[in-house]
Amino acid sequence: MLMRKVPGFVPASPWGLRLPQKFLFLLFLSGLITLCFGALFLLPKSSRLKRLFLAPRTPQPGLEVMAEAASHPLAHEQESPPNPAPAAPAPGEDDPSSQATTRRRKGWLRRTHPTGPREEATAARSSGVAALRPQEESIPFSFDFSAFRSRLRHPVLGTRGDESKEPQNVVRTQREKVKEMMQFAWQSYRRYAMGKNELRPLTKDGYEGSMFGGLSGATVIDSLDTLYLMELKEEFQEAKAWVEESFHLNVSGEASLFEVNIRYIGGLLSAFYLTGEEVFRIKVIKLGEKLLPAFNTPTGIPKGVVNFKSGSNRSWGWAMAGSSSILAEFGSLHLEFLHLTELSGNPVFAEKVKNIRKVLKKIDKPFGLYPNFLSPVSGNWMQHHVSVGGLGDSFYEYLIKSWLMSAKTDMEAKDMYYEALEAIETHLLNVSPGGLTYIAEWRGGILDHKMGHLACFSGGMIALGAEDAKEEKRAHYRELAAQITKTCHESYARSDTKLGPEAFWFNSGREAVATQLSESYYILRPEVVESYMYLWRQTHDPIYREWGWEVVMALEKNCRTEAGFSGIHDVYSSIPNHDNKQQTFFLAETLKYLYLLFSEDDVLSLEDWVFNTEAHPLPVNHLDSSSRAGG
Ligand code: DMJ
């Protein structure tokens, strides 16, 4: 403002302003400042200006920082918080400007790095993120995918050494046959049920079920990595496009924490690690956040069911009248939740599963065994039923796989696994009069002399864990794995269809057979071929490929229908009676394990990958880059 000098006028200030004018000027100035500051809040989260002027919140460390935090003496004293849903990372959380922050986060900075808005937008466009709706776009970290791939010991799909040597070889033909089965299963699903959770091949329609809280496309998500592995490129693109365009997370039903975790979270994690496509990373983190309210319990042991709309949780009505969480369910989250933290930079996921481990370590175990029912309120066992089959199975699997996935650094998981296995061997293991080794079920000291189909995964698990057992036990575990797998094969061989029943018994002179119709069904389950695959990789004994091929033939004969594969009601009837369901795990697991059985060992090498309990490969956390760059 320009003031003209008037003679005789005594200026009110050195700038020649009178008091009212000065007041007005200051008023104008302060208004301007308030306006500018207020405008900062309207800038996008990633804006540099915003990061500069607005203080960052607490940084979000990754896995390594979690380890530091967990080893802090005070960390163990703290009561579990009431498990609030995680807040979205605040602006500035990816700002490494503070020295202290940089030091604390050096671990995850190895794998993630902040990006500016332009890079984010470009990456989003090139990887399909542009198709995400606004609320699904806000992951402020990026993952250093090429650094991750450079740490792998083997090309993801192997070097295909055998193919060039012998183009006509039998194994290649067998592998191609399994690929054709996958193609048929996928195309049938796509034709009659695309976007639904499962295909019903007899009625030629789709089925949603009630386990997934309103989420759709379980077959799509469960199939992604198998399609990729088998190089069914067109089919993989169809599946990916569906995820980009039609896989919506704004659902509001009740979901099984376990099923959503092993199928959807596992499937999306694998799809990301195999392809580096951002759409999978973003969706999996958002879906992971929706599962967190399940952990809002006094002990932090999650309940089995989470309500996506209200964020409430409950236990299954059948689990001790709604009072218990199930060992296999809350014990099969560890692998996926560590990877959710790895890919998001958000420690909350890892914290949840580390707390489960802490509760389980502390609690008394009858004879060293882990019963299947635990109260998420008191943290006490609710019934002394122990099983390596249904209700218990994948808890044991996740202990040994946590050890392997941590690149053999998670000593706690290793110790818990071998101690549990010793207790199982002492109290549950039996040999039938006919010489078949089996793992019975234990009810407060009394044995049920039966094995479920689900328990047949244990041959593979024990083989996988044999290498890291005490030296004097290694050969013993290898033999035990082979014997259990042989018993499971017997349950197939003794049926008319050459497929195994849901449960088989060892009493009244009958061995490895179901004793009633209600246990005689086969629903395309994978556990037996899963063990064949691990035993093959460990021993290269051709018997496992022979047995695997018997399964392929039996599936073709009894389960293939005009419009996909179906389970059957009675494995002892030579006239198949189909159940009208193509289970998602048939595409995720059964066909994948069969394909791997007829592949070279460096295809999804066990040095680089562990399979979650739905057969989704998750990478080992190699700490160095001394290996070849992954292909
Ligand atoms: C799959 O969903 C998983 O393997 C789970 O651990 C057990 N049941 C089915 C397959 O039988």
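Source: prediction; values computed, not measured.

## Here we look at the overall build of the protein
For the protein, the helix and strand inventory stands at 24 helices and 22 strands. The buried share of the protein, taken over its 631 residues, is 57%. Split by element, the accessible area of the protein, about 26,600 Å² in all, is 57% carbon and sulfur.

## Section: the sheet that holds strand β9 (residues 373–374)
Spatially, three strands are ordered β8-β9-β10 in an open sheet, and the strand pairing comes out antiparallel. Two strands close off the open sheet at either side, each with one partner strand: β8 (325–326) and β10 (381–383). Bridging between β9 and β10 involves two bridges; their strand directions are antiparallel. When the sheet's bridge partners are listed, F373 is paired in β10 with Q383.

## What about the state of the cysteines?
Applying the stated criterion to the full structure yields one disulfide. Each sulfur of the disulfide joining C456 and C488 lies 2.1 Å from the other. Taking the sign of the S-S torsion, -90° for the link of C456 and C488, the bridge is left-handed. With C456 in the loop between β16 (450–452) and α20 (458–466) and C488 in helix α21 (residues 471–493), this pair connects stretches of sequence that are 32 residues apart. In this structure C488 comes out as buried when scored by relative accessible area, which is 1%.

## Details of the UniProt feature "active site" (unreviewed entry) in the protein
Within this structure's numbering, the places UniProt gives as "active site" (unreviewed entry) are E259, D393, E502 and E527. Counting through the fold element by element, D393 comes out in helix α18 (residues 393–405). The contact partners of D393, leaving out residues within four places of it in the chain, are A328, S387, V388, L454 and F457. Its place among the elements puts E502 in the loop between α21 and β17 (503–507). The buried category is assigned to E502, whose relative accessible area is 13%.

## Comments concerning helix α14 (residues 278–291)
The end-to-end C-alpha distance of α14 is 20 Å, a good match for the 20 Å that 14 residues give at a rise of 1.5 Å each. Of all 14 residues that make up α14, twelve are buried, and the element is covered over most of its length. Listed in full, the buried residues belonging to α14 are E278, V279, F280, R281, I282, K283, V284, I285, K286, L287, G288 and L291.

## Quick notes on the packing of helix α11 (residues 218–229) against helix α12 (residues 233–246)
Orientation of α11 relative to α12, taken along the N-to-C sense of each, is 145°, at an axis distance of 9 Å. In this structure, α11 crosses over α12, and the sense of that crossing is left-handed. Two secondary-structure elements touch here, α11 through V220, I221, L224, L227 and Y228 and α12 through E235, F236, A239, K240, W242 and V243. Split by residue class, the contact of α11 with α12 holds nine nonpolar, no polar and two charged.

## Side note on the packing of aromatic side chains
Scanning the entire structure with this criterion turns up 34 aromatic pairs. Aromatic side chains Y370 and W381 sit 6.4 Å apart centroid to centroid with 85° between the ring planes, which places their arrangement in the edge-to-face category. Placement of the pair is Y370 in the loop between α17 (348–362) and β9 and W381 in strand β10, with a sequence separation of eleven residues. A single burial state applies to Y370 and to W381, both of which are buried. Among the aromatic residues, ring-to-ring pairing joins F143, F145, F148, F272, Y273 and W609 into one connected group. Sitting over the face of the ring of F308, K290 holds its NZ or CZ atom 5.1 Å from the ring centroid. Between the NZ or CZ atom of R560 and the centre of the ring of F184, over which it lies, the distance is 4.0 Å.

## Examining the site of the ligand
Around the ligand, the neighbouring residues are I262, R263, L454, R525, P526, E527, F585, E589, T613 and E614. Within the side chain of R525, an N or O atom sits 2.7 Å from an oxygen atom of the ligand. Across the complex, the protein chains shield 92% of the 290 Å² of accessible surface that the ligand would expose by itself. Looking at the shell around the ligand, the elements with two or more residues in it are α13 (257–275) and α24 (584–597). A per-class count over the shell around the ligand returns four nonpolar, one polar and five charged.

## Focus on the confidence of the model for the protein
With 76% of its residues at a pLDDT of 70 or more, the protein has an overall mean of 84. Taken as a whole, residues 1–16 scores under 50 in pLDDT and shows eight contacts with residues more than four places along the chain or in a different chain. Per-residue pLDDT stays below 50 along residues 40–132; that stretch engages in 135 contacts with residues further than four places along the chain or on separate chains.

## Comments concerning empty space enclosed by the protein
Counting across every chain of the model gives four cavities of 30 Å³ or more. Computed from the structure, the largest cavity encloses a volume of approximately 110 Å³. If you trace the largest cavity, you find it lined by F330, G331, H334, V353, I356, R357, L360, F395, Y398, L399, S402 and M416. When residues of the lining of the largest cavity are traced back to their parent elements, those giving at least two are α17 and α18. Its residues assigned to classes, the lining of the largest cavity comprises eight nonpolar, three polar and one charged. Approximately 40 Å³ is the volume attributed to the second largest cavity. Lining the second largest cavity we find K401, L404, L464, Y534, L606, W609, V610 and F611.

## What about the sheet that holds strand β18 (residues 510–513)?
Backbone-to-backbone hydrogen bonds pair the strands of a sheet. The strands run either parallel or antiparallel. Taken in spatial order, the three strands line up as β16-β17-β18 in an open sheet, and their pairing is antiparallel. Looking along the sheet, the strands with just one partner apiece sit at the ends: β16 and β18. Averaged over all pairs of adjacent strands, the angle between their axes in this sheet comes to 15°, without regard to strand direction. Bridge count for β16 against β17 is three bridges, and the pairing is antiparallel. In the strand pairing of β17, K450 is matched with W505. Relative to the sheet, α21 contacts β16, β17 and β18, its axis offset from that of β17 by approximately 105°.

Each value, and the rule that gives it
Residues numbered from 1 in each chain as written. Predicted model: local features only at pLDDT ≥ 70, side-chain atom pairs only at ≥ 80, totals over all residues. Heavy atoms only, no water. Helix = DSSP H or I, 4+ residues; strand = E, 2+ residues; numbered from the N terminus. Buried < 20%, exposed > 50% of the residue type's maximum accessible area, 1.4 Å probe, protein only. Areas by Shrake-Rupley, 256 points an atom, 1.4 Å probe, with all protein chains shown as cover. Pairing = 2+ DSSP bridges. Disulfide = S-S within 2.5 Å. UniProt positions renumbered as here; feature names shortened; annotations may be inferred. Contact = heavy atoms within 4.5 Å. Expected span 1.5 Å × (residues − 1). Axes fitted to C-alpha atoms, helices over the stretch in contact; angles between N-to-C directions. Left-handed = near helix turned anticlockwise from the far one by under 90°. Nonpolar A, V, L, I, M, F, W, Y, C, P; charged D, E, K, R; others polar. Phe/Tyr/Trp six-rings, centres within 6.5 Å; stacked < 30°, edge-to-face > 60°. Lys NZ or Arg CZ within 6 Å of the ring centre and 35° of its normal. Near = heavy atom within 4 Å. Polar contact = N/O pair within 3.5 Å; in protein donor to acceptor, adjacent residues only side chain to side chain. pLDDT = per-residue confidence, 0-100. 1 Å grid on protein atoms, 1.4 Å probe; cavity = no way out; pocket = protein on both sides within 12 Å on 5 of 7 lines; lining within 4 Å. Points joined across faces, edges and corners; volume = space filled by probe spheres on them.

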